[in-house]
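Fold and contact review
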Amino acid sequence: MIHNDHPRYESLKLRAKVVEAYKNGILADSGMIAHGRGEAFDYLLGEKTSSNAKKAIKASAAALILAKNPVISVNGNTAALVPNEIVTLADELHAKIEINLFHRTHERVSNIEKLLKEAGAKNILGTDQEEKVSIRGLEGPRATTSKDGVYIADVVLVPLEDGDRAEALIKLGKLLITIDLNPLSRTAKTATITIVDNIVRAVPNLIEAVKELSNVDPTTLHQIVKGFNNKKNLQESLQKISKKHTGKVKT
Ligand code: ATP
Ligand code: MG
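Below: a short report on this structure. Residue indices follow the written sequence of each chain, beginning from 1 at its first position. Chain letters start at A and ligand numbers start at 1, both assigned in the order the entries are written. Under the rules for a predicted model, residues below a pLDDT of 70 receive no local features and side-chain atom pairs below 80 are neither given nor counted, while totals for whole chains, interfaces and linings still include all residues. Hydrogens and water are ignored here; the side-chain numbers use all heavy atoms of the structure.

**Quick notes on the overall build of the protein**
A run of H or I in DSSP becomes a helix once it reaches four residues, and a run of E becomes a strand once it reaches two; helices and strands are each numbered from the N terminus. Per the secondary structure count, the protein includes 11 helices and eight strands. Between the two quantities, the radius of gyration covers C-alpha atoms and the globule rule is 2.2 Å times the number of residues to the power 0.38. Scaling as 2.2 N^0.38, a compact globule of 251 residues should have a C-alpha radius of gyration of about 18 Å, and the protein matches this with 17 Å. Viewed in the frame of its principal axes, the protein has a C-alpha envelope of about 55 × 50 × 35 Å. Note on exposure labels: buried denotes an accessible area under 20% of the residue type's maximum, exposed denotes more than 50%, and partly exposed covers the range between, all computed with a 1.4 Å probe on protein chains only. Evaluated residue by residue, the protein yields a buried proportion of 50% over its 251 residues. Any two residues having at least one pair of non-hydrogen atoms within 4.5 Å are treated as being in contact. In the protein, the proportion of contacts linking residues at least 24 apart, taken out of those at least 6 apart, comes to 63%. Computed over 36 positive and 30 negative side-chain charges, the inter-centroid distance for the protein is 7 Å. Think of it this way: Lys and Arg go in the positive column, Asp and Glu in the negative one, and His and the chain ends go nowhere. Every charge is mapped onto a representative atom, which is NZ of Lys, CZ of Arg, CG of Asp or CD of Glu.

Laid out in C-alpha coordinates, this is it:
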(Lines give C-alpha, C1' and ligand atoms only; values in the text may rest on other atoms or scores of the structure.)
(Ligands and ions follow the chains in the order given, each with its own letter.)
Protein backbone atom coordinates (compact mmCIF):
# COMPACT_ATOMS: atom_id res chain seq x y z
CA MET A 1 0.00 0.00 0.00
CA ILE A 2 1.48 3.34 -1.06
CA HIS A 3 0.51 6.41 0.96
CA ASN A 4 -0.49 9.45 -1.07
CA ASP A 5 1.77 11.71 1.00
CA HIS A 6 4.80 9.84 -0.31
CA PRO A 7 6.88 12.22 -2.50
CA ARG A 8 7.08 9.57 -5.22
CA TYR A 9 3.40 8.62 -4.93
CA GLU A 10 2.41 9.06 -8.61
CA SER A 11 5.52 7.31 -9.83
CA LEU A 12 5.11 4.40 -7.41
CA LYS A 13 1.45 4.06 -8.38
CA LEU A 14 2.48 3.66 -12.02
CA ARG A 15 5.10 1.08 -11.04
CA ALA A 16 2.44 -0.92 -9.22
CA LYS A 17 0.19 -0.76 -12.31
CA VAL A 18 3.02 -1.97 -14.53
CA VAL A 19 3.83 -4.89 -12.21
CA GLU A 20 0.16 -5.84 -12.07
CA ALA A 21 -0.04 -5.76 -15.88
CA TYR A 22 2.94 -8.10 -16.01
CA LYS A 23 1.27 -10.49 -13.59
CA ASN A 24 -1.96 -10.34 -15.63
CA GLY A 25 -0.18 -11.30 -18.85
CA ILE A 26 -0.55 -7.87 -20.50
CA LEU A 27 3.08 -6.80 -20.31
CA ALA A 28 6.27 -8.70 -21.17
CA ASP A 29 9.05 -8.74 -18.56
CA SER A 30 11.13 -6.45 -20.78
CA GLY A 31 8.19 -4.00 -20.78
CA MET A 32 8.87 -3.39 -17.09
CA ILE A 33 12.48 -2.52 -17.91
CA ALA A 34 11.33 -0.17 -20.68
CA HIS A 35 9.07 1.50 -18.12
CA GLY A 36 12.06 1.99 -15.82
CA ARG A 37 13.95 3.78 -18.56
CA GLY A 38 10.98 6.07 -19.12
CA GLU A 39 10.61 6.69 -15.40
CA ALA A 40 14.21 7.88 -15.14
CA PHE A 41 13.64 10.47 -17.88
CA ASP A 42 10.36 11.55 -16.31
CA TYR A 43 12.25 12.18 -13.06
CA LEU A 44 14.79 14.31 -14.92
CA LEU A 45 12.02 16.23 -16.69
CA GLY A 46 10.25 17.06 -13.42
CA GLU A 47 7.30 14.68 -13.99
CA LYS A 48 5.10 17.23 -15.71
CA THR A 49 4.12 18.13 -19.26
CA SER A 50 6.59 20.70 -20.58
CA SER A 51 5.73 23.61 -22.87
CA ASN A 52 7.49 21.88 -25.77
CA ALA A 53 5.57 18.64 -25.12
CA LYS A 54 2.41 20.76 -25.39
CA LYS A 55 3.59 22.03 -28.81
CA ALA A 56 4.17 18.44 -29.96
CA ILE A 57 0.75 17.42 -28.64
CA LYS A 58 -0.91 20.22 -30.62
CA ALA A 59 0.94 19.26 -33.82
CA SER A 60 0.03 15.59 -33.27
CA ALA A 61 -3.64 16.44 -32.80
CA ALA A 62 -3.63 18.46 -36.02
CA ALA A 63 -1.93 15.65 -37.99
CA LEU A 64 -4.33 13.04 -36.62
CA ILE A 65 -7.40 15.14 -37.48
CA LEU A 66 -6.10 15.68 -41.02
CA ALA A 67 -5.33 11.97 -41.50
CA LYS A 68 -7.42 10.02 -44.00
CA ASN A 69 -6.59 6.74 -42.33
CA PRO A 70 -5.25 7.18 -38.78
CA VAL A 71 -4.18 4.14 -36.74
CA ILE A 72 -3.25 3.94 -33.07
CA SER A 73 -0.77 1.15 -32.42
CA VAL A 74 -0.99 -0.38 -28.95
CA ASN A 75 1.73 -2.35 -27.17
CA GLY A 76 1.88 -3.88 -23.69
CA ASN A 77 2.98 -0.69 -21.88
CA THR A 78 0.24 1.37 -23.53
CA ALA A 79 -2.39 -1.24 -22.69
CA ALA A 80 -1.12 -1.41 -19.10
CA LEU A 81 -1.25 2.34 -18.47
CA VAL A 82 -3.93 3.99 -20.64
CA PRO A 83 -6.41 1.46 -22.14
CA ASN A 84 -9.52 3.61 -21.59
CA GLU A 85 -7.88 6.78 -22.86
CA ILE A 86 -6.72 5.03 -26.06
CA VAL A 87 -10.31 3.98 -26.80
CA THR A 88 -11.58 7.54 -26.16
CA LEU A 89 -8.91 8.98 -28.45
CA ALA A 90 -9.70 6.46 -31.20
CA ASP A 91 -13.42 7.31 -30.93
CA GLU A 92 -12.74 11.07 -31.17
CA LEU A 93 -10.60 10.56 -34.27
CA HIS A 94 -12.53 7.67 -35.86
CA ALA A 95 -9.14 5.97 -35.81
CA LYS A 96 -8.43 2.25 -35.87
CA ILE A 97 -6.71 0.50 -32.96
CA GLU A 98 -4.10 -2.14 -33.77
CA ILE A 99 -2.26 -4.40 -31.33
CA ASN A 100 1.43 -4.56 -32.18
CA LEU A 101 3.75 -6.35 -29.80
CA PHE A 102 7.51 -6.44 -29.98
CA HIS A 103 7.62 -9.78 -28.13
CA ARG A 104 4.43 -11.13 -29.63
CA THR A 105 2.72 -14.12 -28.00
CA HIS A 106 -0.77 -15.45 -28.62
CA GLU A 107 -1.61 -15.13 -24.91
CA ARG A 108 -0.63 -11.49 -24.55
CA VAL A 109 -2.37 -10.48 -27.78
CA SER A 110 -5.61 -12.06 -26.57
CA ASN A 111 -5.27 -10.54 -23.05
CA ILE A 112 -4.76 -7.07 -24.52
CA GLU A 113 -7.65 -7.58 -26.94
CA LYS A 114 -9.90 -8.48 -23.99
CA LEU A 115 -8.72 -5.47 -21.98
CA LEU A 116 -9.36 -3.06 -24.88
CA LYS A 117 -12.80 -4.58 -25.48
CA GLU A 118 -13.64 -4.07 -21.80
CA ALA A 119 -12.57 -0.45 -22.27
CA GLY A 120 -15.13 -0.15 -25.07
CA ALA A 121 -13.12 -0.76 -28.24
CA LYS A 122 -15.29 -2.23 -30.96
CA ASN A 123 -13.01 -3.15 -33.79
CA ILE A 124 -9.48 -4.19 -32.87
CA LEU A 125 -6.89 -5.01 -35.52
CA GLY A 126 -3.65 -6.95 -35.18
CA THR A 127 -5.25 -9.98 -33.51
CA ASP A 128 -4.17 -13.53 -34.23
CA GLN A 129 -7.31 -14.35 -36.22
CA GLU A 130 -6.37 -11.80 -38.82
CA GLU A 131 -4.23 -12.11 -41.92
CA LYS A 132 -0.95 -10.20 -41.53
CA VAL A 133 1.59 -8.61 -43.81
CA SER A 134 5.27 -8.05 -43.06
CA ILE A 135 6.81 -4.60 -42.87
CA ARG A 136 9.72 -4.27 -45.26
CA GLY A 137 13.10 -4.18 -43.43
CA LEU A 138 11.97 -6.11 -40.36
CA GLU A 139 12.07 -9.80 -39.51
CA GLY A 140 10.22 -12.20 -37.22
CA PRO A 141 6.94 -11.66 -35.34
CA ARG A 142 7.70 -7.99 -34.68
CA ALA A 143 7.56 -7.37 -38.44
CA THR A 144 3.90 -8.29 -38.79
CA THR A 145 1.15 -5.75 -39.13
CA SER A 146 -2.51 -5.73 -40.00
CA LYS A 147 -3.12 -5.25 -43.71
CA ASP A 148 -6.14 -3.05 -42.89
CA GLY A 149 -4.31 -1.10 -40.18
CA VAL A 150 -0.78 0.26 -39.93
CA TYR A 151 0.09 -1.17 -43.34
CA ILE A 152 -2.29 1.16 -45.18
CA ALA A 153 -2.41 4.02 -42.65
CA ASP A 154 -1.18 7.51 -43.58
CA VAL A 155 -0.73 8.67 -39.96
CA VAL A 156 0.30 6.26 -37.19
CA LEU A 157 0.44 7.00 -33.47
CA VAL A 158 2.89 4.51 -31.91
CA PRO A 159 3.64 5.29 -28.27
CA LEU A 160 6.81 3.75 -26.79
CA GLU A 161 7.92 2.27 -30.10
CA ASP A 162 11.17 0.46 -30.82
CA GLY A 163 13.73 2.29 -32.97
CA ASP A 164 13.94 -0.36 -35.71
CA ARG A 165 10.20 -0.42 -36.22
CA ALA A 166 9.98 3.37 -36.19
CA GLU A 167 12.63 3.55 -38.93
CA ALA A 168 10.83 0.90 -41.01
CA LEU A 169 7.52 2.77 -40.75
CA ILE A 170 9.11 6.07 -41.79
CA LYS A 171 10.61 4.27 -44.82
CA LEU A 172 7.09 3.19 -45.75
CA GLY A 173 6.17 6.88 -45.91
CA LYS A 174 4.03 7.12 -42.76
CA LEU A 175 3.63 10.30 -40.76
CA LEU A 176 4.81 8.85 -37.48
CA ILE A 177 3.80 10.23 -34.10
CA THR A 178 5.34 8.78 -30.98
CA ILE A 179 5.19 9.36 -27.24
CA ASP A 180 8.60 8.74 -25.70
CA LEU A 181 10.14 10.18 -22.54
CA ASN A 182 13.66 9.64 -23.83
CA PRO A 183 14.49 12.49 -26.25
CA LEU A 184 17.65 10.58 -27.22
CA SER A 185 16.04 7.30 -28.29
CA ARG A 186 16.18 6.31 -31.94
CA THR A 187 12.41 6.37 -32.07
CA ALA A 188 12.27 9.92 -30.69
CA LYS A 189 14.79 11.06 -33.31
CA THR A 190 13.18 9.14 -36.18
CA ALA A 191 9.52 10.04 -35.70
CA THR A 192 7.88 12.94 -37.52
CA ILE A 193 6.47 14.21 -34.21
CA THR A 194 7.73 13.08 -30.81
CA ILE A 195 5.83 13.93 -27.67
CA VAL A 196 8.42 13.83 -24.89
CA ASP A 197 6.05 13.18 -22.03
CA ASN A 198 4.72 10.35 -19.92
CA ILE A 199 2.00 8.47 -21.79
CA VAL A 200 -0.30 8.83 -18.76
CA ARG A 201 -0.26 12.63 -19.20
CA ALA A 202 0.23 12.80 -22.97
CA VAL A 203 -2.82 10.79 -24.07
CA PRO A 204 -5.38 12.74 -21.96
CA ASN A 205 -3.79 15.98 -23.21
CA LEU A 206 -3.96 14.69 -26.77
CA ILE A 207 -7.70 13.95 -26.37
CA GLU A 208 -8.24 17.55 -25.19
CA ALA A 209 -6.18 18.96 -28.07
CA VAL A 210 -8.17 16.92 -30.62
CA LYS A 211 -11.43 18.27 -29.16
CA GLU A 212 -10.10 21.85 -29.23
CA LEU A 213 -8.91 21.62 -32.85
CA SER A 214 -11.81 19.59 -34.22
CA ASN A 215 -13.53 22.59 -35.82
CA VAL A 216 -10.39 24.32 -37.07
CA ASP A 217 -10.05 24.61 -40.86
CA PRO A 218 -7.65 22.24 -42.70
CA THR A 219 -5.35 25.05 -43.89
CA THR A 220 -4.67 26.13 -40.32
CA LEU A 221 -4.19 22.51 -39.25
CA HIS A 222 -1.65 21.99 -42.06
CA GLN A 223 0.21 25.10 -40.88
CA ILE A 224 0.36 23.74 -37.34
CA VAL A 225 1.87 20.45 -38.58
CA LYS A 226 4.31 22.18 -40.97
CA GLY A 227 5.40 24.63 -38.28
CA PHE A 228 6.51 21.82 -35.98
CA ASN A 229 10.22 21.02 -35.97
CA ASN A 230 10.92 17.69 -34.24
CA LYS A 231 14.69 18.14 -34.00
CA LYS A 232 14.31 21.55 -32.38
CA ASN A 233 11.64 20.26 -30.03
CA LEU A 234 13.87 17.37 -28.88
CA GLN A 235 16.72 19.79 -28.28
CA GLU A 236 14.41 21.89 -26.12
CA SER A 237 13.63 18.81 -24.01
CA LEU A 238 17.32 18.09 -23.56
CA GLN A 239 18.01 21.70 -22.62
CA LYS A 240 15.24 21.51 -20.05
CA ILE A 241 16.81 18.43 -18.48
CA SER A 242 20.24 20.02 -18.19
CA LYS A 243 19.11 23.50 -17.11
CA LYS A 244 16.51 22.23 -14.69
CA HIS A 245 19.17 20.84 -12.42
CA THR A 246 21.68 23.65 -12.76
CA GLY A 247 19.58 26.81 -12.81
CA LYS A 248 16.19 28.32 -13.43
CA VAL A 249 14.26 27.22 -16.46
CA LYS A 250 10.66 27.49 -17.54
CA THR A 251 8.95 24.10 -17.81
P1 ATP B 1 14.97 2.94 -29.25
O2 ATP B 1 14.76 1.54 -29.74
O3 ATP B 1 13.99 3.91 -29.82
O4 ATP B 1 16.39 3.46 -29.33
P5 ATP B 1 15.07 1.98 -26.55
O6 ATP B 1 15.60 0.69 -27.08
O7 ATP B 1 15.90 2.80 -25.62
O8 ATP B 1 14.59 2.93 -27.70
P9 ATP B 1 12.57 0.68 -26.11
O10 ATP B 1 12.54 -0.35 -25.05
O11 ATP B 1 12.69 0.25 -27.53
O12 ATP B 1 13.72 1.72 -25.76
O13 ATP B 1 11.29 1.64 -25.98
C14 ATP B 1 10.83 2.11 -24.78
C15 ATP B 1 10.84 3.63 -24.79
O16 ATP B 1 9.67 4.07 -24.13
C17 ATP B 1 12.03 4.24 -24.04
O18 ATP B 1 12.61 5.26 -24.80
C19 ATP B 1 11.40 4.83 -22.76
O20 ATP B 1 12.05 6.01 -22.35
C21 ATP B 1 9.99 5.10 -23.19
N22 ATP B 1 8.99 5.01 -22.10
C23 ATP B 1 8.87 4.07 -21.14
N24 ATP B 1 7.82 4.29 -20.34
C25 ATP B 1 7.20 5.41 -20.81
C26 ATP B 1 6.03 6.13 -20.44
N27 ATP B 1 5.28 5.77 -19.38
N28 ATP B 1 5.69 7.21 -21.17
C29 ATP B 1 6.43 7.59 -22.23
N30 ATP B 1 7.56 6.96 -22.64
C31 ATP B 1 7.95 5.87 -21.95
MG1 MG C 1 14.74 -0.36 -28.81
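**A few points about the site of ligand 1**
Taken together, 18 residues form the shell around ligand 1, and within it Gly163, Asp180, Thr187, Asn198 and Ile199 come nearest. In the analysis that follows, any N or O atom pair within 3.5 Å is treated as a polar contact, provided that within protein one partner can donate a hydrogen and the other can accept it, and provided that, for residues neighboring in sequence, both atoms belong to side chains. The side chain of Arg37 places a nitrogen or oxygen atom 3.3 Å from an oxygen atom of ligand 1. Within the backbone of Arg186, a nitrogen or oxygen atom sits 3.1 Å from an oxygen atom of ligand 1. Throughout, the Shrake-Rupley method with a 1.4 Å probe supplies accessible areas, and for residues the shown protein chains are the sole cover considered. Burial of ligand 1 by the protein chains amounts to 87% of its free accessible area of 630 Å². In a pocket analysis with a 2 Å cut-off to the grid points, ligand 1 is assigned to the largest pocket. Elements supplying a minimum of two residues to the shell around ligand 1: α2 (29-44) and α8 (186-190). Of the residues forming the shell around ligand 1, the biggest block, four residues, is contributed by α2. Each residue is assigned to one class: nonpolar for Ala, Val, Leu, Ile, Met, Phe, Trp, Tyr, Cys and Pro, charged for Asp, Glu, Lys and Arg, and polar for all the others, Gly among them. Of the residues belonging to the shell around ligand 1, the class tally is five nonpolar, seven polar and six charged. If a single non-hydrogen atom of a residue is within 4 Å of a molecule or strand, that residue counts as near it. Any residue with an atom within 4 Å of a point lines the site, the site being either a cavity, points on a 1 Å grid over the protein atoms alone where a 1.4 Å probe fits but cannot get out, or a pocket, an open set with protein on both sides within 12 Å along at least 5 of 7 lines. Think of it this way: if more than half of a molecule's atoms are within 2 Å of a pocket's grid points, that molecule is in the pocket or cavity.

**As for empty space enclosed by the protein**
Summary: where empty space remains is shown by rolling a probe the size of a single water molecule over the atoms. Grid points are joined across faces, edges and corners, and a volume is the space filled by probe spheres set on the points. For the structure shown, the criterion picks out three cavities of 30 Å³ or more. If you trace the second largest cavity, you find it lined by Ser73, Asn100, Ile135, Thr145, Val150, Val158, Glu161, Arg165 and Leu169. Within the lining of the second largest cavity, the residues separate by chemical class into four nonpolar, three polar and two charged.

**Observations concerning the pattern of salt bridges**
Salt bridges are defined by distance alone: a side-chain nitrogen of Lys or Arg within 4 Å of a carboxyl oxygen of Asp or Glu. Scanning the entire structure with this criterion turns up 15 salt bridges. A salt bridge links Lys117 to Glu113, with the nearest nitrogen and oxygen atoms 3.2 Å apart. One end of the pair, Lys117, and the other, Glu113, are both in helix α6 (residues 106-118), four residues apart, so they sit about a helical turn from each other. Overall, Lys117 belongs to the partly exposed group, its relative accessible area being 45%. The partner of Arg186 in a salt bridge is Glu167, with the nearest N and O atoms 3.9 Å apart. A residue pair is termed long-range when its members are at least 10 positions apart, and Arg186 in helix α8 and Glu167 in helix α7 (residues 163-171) qualify at 19 residues. For Glu167, a relative accessible area of 30% puts it in the partly exposed group. Residues joined by salt bridges that share partners form a network here, namely Asp42, Asp197 and Arg201.

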